[in-house]
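Chain residues, written in single-letter form:
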Amino acid sequence: MDLIPATAAFIEQKFADEGSGHDWAHIRRVWLMARRLAANSPAANAEITELGALLHDIADWKFHGGDYEAGPRAARGWLQSQHASEELITRVETIIREVSFKGLGVETPVSSLEAALVQDADRLDAIGAIGIARAFAYGGHKGRALHDPAVRPVVHESFASYQKNTAPTLNHFYEKLLHLKDRLQTPAARAVAEERHAYMEAFVARFLAEWEGQA
Ligand code: ADP
Ligand code: NI
């Protein structure tokens, strides 16, 4: 049996009614983008990249009491059930461990090209038109204000402070989204990010002008 379509079907079914922003639609976009980036990166193993993308949010630490190993463990369980090789399982587990954004001041290095491509594809989904929509959907889900000029953006130097953050949604653009372009690891992803970043900058400028009744 083909592992990629089987994994896609498994994840689609698992995330069918997940409302927190980590839904099948997000995973599908990350999968498609990771596949596109892999196609533009000759040294990449496309199968490992696609499996890493499909499984990258399988058990997010945010919904598992901060347990960073929940994701790798769940991916291993699925891949073992499909009789995947130990080498493949280890490579996919490592990707899942390495993809998550942990705050602007926190380094998130990757140990393989495939992990870099999945991390980049995940980050590309947080910028551009989709990124803007996701940020406000997340803020609404958490009951946050759209914007409050009195609450200044901060650089989170630790993962703990990033996790505890309750600031208005517009701050998230300064604290994360507008920096993602410069945090990408691969040239293929940087090329995609250019237009998305410019679109987001124009959005923030216009938002602030409208906030003051100036546009
Ligand atoms: P990742 O997939 O990198 O772990 P997160 O789970 O941190 O991403 O975020 C999922 C989505 O929610 C992303 O689009 C992200 O930009 C958005 N998001 C995360 N934190 C905030 C926040 N404090 N305010 C607004 N949007 C947020
Ligand atoms: Ni993701």
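Residues numbered from 1 in each chain as written. Chains lettered and ligands numbered in written order. Predicted model: local features only at pLDDT ≥ 70, side-chain atom pairs only at ≥ 80, totals over all residues. Heavy atoms only, no water.

### Things to note about unusual backbone geometry
- Here the phi dihedral of His83 falls at roughly 60°; this positive angle occurs in a residue that is not glycine.
- Relative to the elements of secondary structure, His83 occurs in the loop between helix H4 (70-81) and helix H5 (86-98). (Helix = DSSP H or I, 4+ residues; strand = E, 2+ residues; numbered from the N terminus.)

### Topic: the nonpolar core
- Counting residues in hydrophobic clusters, the biggest one holds 56 residues, and the most contacted among them are Trp24, Leu37, Leu55, Leu79, Leu88, Leu124 and Phe173.
- Residue contributions to this core peak at eight residues, all from helix H2 (residues 24-39).
- Setting aside residues up to four positions removed in sequence, Leu37 forms contacts with Leu117, Asp120, Ala121, Leu124, Ala188, Ala189 and Val192. (Core = buried A, V, L, I, M, F, W, Y, C linked by side-chain atoms within 4.5 Å. Buried < 20%, exposed > 50% of the residue type's maximum accessible area, 1.4 Å probe, protein only. Contact = heavy atoms within 4.5 Å.)

### Observations concerning the coordination of the nickel ion (ligand 2)
- The nickel ion (ligand 2) binds to the protein through His26 (NE2), His56 (NE2), Asp57 (OD) and Asp122 (OD); the donor distances cover 2.1 to 2.4 Å.
- If you look at the nickel ion (ligand 2), its four donor atoms make angles of 78 to 168° with each other, and the shape they trace is irregular.
- Mapped onto the sequence, the donors of the nickel ion (ligand 2) take the spacing H-x29-H-D-x64-D.
- Here Asp57 falls in the buried class, since its relative accessible area comes to 7%. (Donors = N, O, S within 2.8 Å, 3.2 Å for Na, K, Ca; no water. Tetrahedral: all angles 85-135°; square planar, octahedral: opposite > 155°, others 65-115°.)

### What about helix H11 (residues 187-211)?
- Over its 25 residues, H11 runs 36 Å from end to end, which matches the ideal 36 Å to within 8%, given 1.5 Å per residue.
- Taken as a whole, H11 carries its principal kink of about 35° at Ala193.
- Along H11, the residues classified as buried are Ala188, Ala189, Val192, Ala193, His197, Met200, Val204, Phe207 and Ala209.
- Contacts from the buried residues of H11 go to H2, helix H6 (113-124), helix H7 (128-141), helix H9 (169-175) and helix H10 (180-183).
- Residue Gly213 follows H11 closely and has a positive phi angle near 70°. (Expected span 1.5 Å × (residues − 1). Bend = angle between axes of the 7 residues up to and from the residue.)

### Considerations on the packing of aromatic side chains
- Under the definition given, this model contains eight aromatic pairs.
- Here the aromatic rings of Phe10 and Trp78 are separated by 4.0 Å at their centres, their planes lie at 5°, and the arrangement is stacked. Here the residue Phe10 occupies a position in helix H1 (residues 3-14), and Trp78 occupies one in helix H4, the gap between them amounting to 68 residues.
- Since its relative accessible area comes to 23%, Phe10 is described here as partly exposed.
- Centre to centre, the rings of Phe207 and Trp211 are 5.7 Å apart; their planes meet at 15°, and the pair counts as stacked. Here the residue Phe207 and the residue Trp211 both occupy positions in helix H11, the gap between them amounting to four residues, near one helical turn.
- Its relative accessible area of 14% is what places Phe207 among the buried residues. (Phe/Tyr/Trp six-rings, centres within 6.5 Å; stacked < 30°, edge-to-face > 60°.)

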